[in-house]
Structures are given as structure tokens and as C-alpha cells.
Amino acid sequence: MNKKAIVLVCAVLTLVFAFTACKHTSPYGQIVVDQQGLEHVIMTDAHGVTVVDSVGDLVEIVTDSNSKKPIAAPTENGTAAAGQEGEYQTHAVTFPGVIESGDRIEDRYVVLTLPAGWEQIGENNLILRHKDTDARIMIYADLKGSLTEALEKTDTALARLSADIGISKSETSIDGYTAYRTQYDLQDVTQITYLLQTEPGSVCRINCTVPTGKLSGVDLDAVLQTIHFK
């Protein structure tokens, strides 16, 4: 088996492993290392965000094991001309739960930038923690259903709460989408939920929990306004 084939087989065998972004980069995409220490070049767009295919998988550019350069894909007439846009050999890689690259965090649906004082603690989902206050932001970007149904379920749940609990509603914008914000205080903890529709049949729910006594010490919007939906 030649070296090119070995590299491709190794990539396929390690699809289920988590990826970690490297500090060094490639002119062809973002370099990530799997848990076996193998490097992969993952296709990125003009803004450096990883590209996903129609089913949400990453797109890995197949490279030569010696030169580390992309292997050109055959053209319609059977020739291979490296450098033609879209002419590199690629294959799908199952998107791991979360990819971290410095302060940029992403899953298959969302990319965001962590402000100072925040960390990503989720393994399979985006769970962000404010170090000073222990506030949490949990992002679920691909819940099936309609926004109308999600809002109705929220109203039904709120109706069951005690009349003594303060509830406030408002609207804001996250990445250009209208987000419906609901805040309610549960004594020691304040819960803030955002619901928005990013595409038909898919709802994004963002749950924020903050110790009530530390509410003034955390700026949730500093995180939320960095969110970009892929």
C-alpha cells in the first residue's frame, strides 16, 4: 500500500475521534490533530470557518504524505491540474462535538468567539462557562420543530410556575435573526432563554443560567453577539 493510500485509510479509521485545532496553519485549510496524533487539513471558507457538507460533516482535503500538498482531483477529461478551485480530492469527516482554536469555538452549526473570562466546557455540545460568576450558556442550534411550537411550549411551562416568580419577555437580534428572550428568577438562579429560527424546521435554543446575586457581574451579550450560524 502506498503512502497516499495509508494516509487516507488512517483518516477514515479516526473519524470517530475528537479533533483539536493546531496553532500552525495550512494555506489549504485548518489543521487539526486527532487523538492518535495524525494531522488533517480541514477545508475552511474565506473567513477561516470550517466548511460542512450537506449533511453537516467536515470536508477534509486529501494531501500527499510527503509534500503535505493537496492531491488534485481528476478533471472531466481525466487530467489532474492542481490549484483549480474545487479540484482537490476531498472526503467527509464526521464533525466532532466541538472544535476549539484559541478563543474561537465551533460545532457543526455555530461558530463564536469567547470573550475574556469565558471557557468552553462541553464535550459534545457548546457549554460556555463564565469563570468569575459560574454563569453558563448552553447552545442547542438544531432542535427540530417550528419556532411557534417552541414558543408555545415555553409559555405552557411558564404558566405552571408560581405567580411570585418574576418573568420578563423581550426581543433581540442574534446574527441577524430575531431572538425571543425570556427571563425568570428562580430565587438563587436566574434563567434566561433565547429562541430563534435559523432555517425552516430547525430551532435554536440558548439557555443561560446565572447565580442571581452575580447577575450584574456577567455580560451574556458579549458572548451572544459573537455567534454566527453556519
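What counts and how
- Residues numbered from 1 in each chain as written.
- Predicted model: local features only at pLDDT ≥ 70, side-chain atom pairs only at ≥ 80, totals over all residues.
- Heavy atoms only, no water.
- Salt bridge = Lys/Arg side-chain N within 4 Å of Asp/Glu carboxyl O.
- Buried < 20%, exposed > 50% of the residue type's maximum accessible area, 1.4 Å probe, protein only.
- Helix = DSSP H or I, 4+ residues; strand = E, 2+ residues; numbered from the N terminus.
- Lys, Arg positive; Asp, Glu negative; His and termini not counted.
- Contact = heavy atoms within 4.5 Å.
- Pairing = 2+ DSSP bridges.
- Axes fitted to C-alpha atoms, helices over the stretch in contact; angles between N-to-C directions.
- Polar contact = N/O pair within 3.5 Å; in protein donor to acceptor, adjacent residues only side chain to side chain.
- pLDDT = per-residue confidence, 0-100.
- Phe/Tyr/Trp six-rings, centres within 6.5 Å; stacked < 30°, edge-to-face > 60°.

Engineer: Quick rundown of the pattern of salt bridges? Include the residues and the values.
Structural biologist: One pass over the structure, following the stated rule, counts six salt bridges. Between Asp 142 and Lys 144 there is a salt bridge, with the nearest N and O atoms lying 3.4 Å from each other. The exposure class of Asp 142 is partly exposed, given its relative accessible area of 23%. Asp 155 is the partner of Lys 169 in a salt bridge, and the nearest nitrogen-oxygen pair spans 2.5 Å. Here Lys 169, found in strand β12 (residues 167–174), pairs with Asp 155, found in helix α2 (residues 147–159); they are 14 residues apart in sequence, far enough to count as distant.

Engineer: Give a description of the side chain of Asp 107 that names residues and reports values.
Structural biologist: Among the secondary structure elements, Asp 107 is positioned in the loop between β7 (104–106) and β8 (110–113). Lys 230 is the oppositely charged side chain nearest to the buried, salt-bridge-free Asp 107, at an N-O distance of 5.7 Å. In this structure, Asp 107 is in contact with Phe 95, Gly 97, Leu 126 and Lys 230, ignoring residues within four places of it in sequence.

Engineer: Quick one: what's the story with the sheet that holds β7, residue by residue and with numbers?
Structural biologist: The strand order across the open sheet formed by four strands is β6-β7-β8-β16, and the pairing between neighbours is antiparallel. This sheet does not close on itself; its edge strands, each paired only once, are β6 (99–101) and β16 (228–229). Relative to β7, β6 runs antiparallel, the two being bridged by three bridges. Residue Ser 101 lies in a different strand from β7, and its bridge partner there is Arg 104.

Engineer: Tell me about the sheet that holds strand β11 (residues 136–144), and name the residues and values.
Structural biologist: Ordered by their spatial adjacency, seven strands build an open sheet running β9-β10-β11-β15-β14-β13-β12, and the pairing between neighbours is antiparallel. Among the strands making up the open sheet, the edge pair consists of β9 (118–120) and β12. Looking at each pair of strands side by side, their axes are set apart by 20 degrees on average, direction ignored. Of the strand pairs in this sheet, strand β14 (residues 189–199) and strand β15 (residues 202–211) are connected by ten bridges, and their pairing is antiparallel. By the bridge assignment, Glu 199 is partnered in β15 with Ser 202. Strands β12, β13 (177–186), β14 and β15 of the sheet are contacted by α2, whose axis makes an angle of about 160 degrees with β14.

Engineer: Before we move on, can you summarise the side chain of Gln 183 with the specific residues and values?
Structural biologist: Here Gln 183 shows up in strand β13. One polar contact links Gln 183 to Arg 181, side chain to side chain, over a distance of 2.7 Å. Apart from the residues within four sequence positions on either side, Gln 183 is in contact with Gly 166, Ile 167, Ser 168, Thr 190, Gln 191, Ile 192 and Leu 215.

Engineer: Explain the confidence of the model for the chain residue by residue, including any values.
Structural biologist: When pLDDT is averaged across the chain, the result is 82; 83% of the residues are at 70 or more. No element of the chain has a lower mean pLDDT than helix α1 (residues 3–13), which averages 35, and none a higher one than strand β10 (residues 126–130), which averages 97. In the model, residues 78–85 has pLDDT below 50 throughout and makes nine contacts with residues more than four positions away in sequence or in other chains.

Engineer: Tell me what's going on with the packing of aromatic side chains, and back it up with residues and numbers.
Structural biologist: Scanning the entire structure with this criterion turns up one aromatic pair. Here the aromatic rings of Tyr 177 and Phe 229 are separated by 5.7 Å at their centres, their planes lie at 85 degrees, and the arrangement is edge-to-face. Taken together, the positions of Tyr 177 in strand β13 and Phe 229 in strand β16 put the pair 52 residues apart, joining distant regions of the chain.

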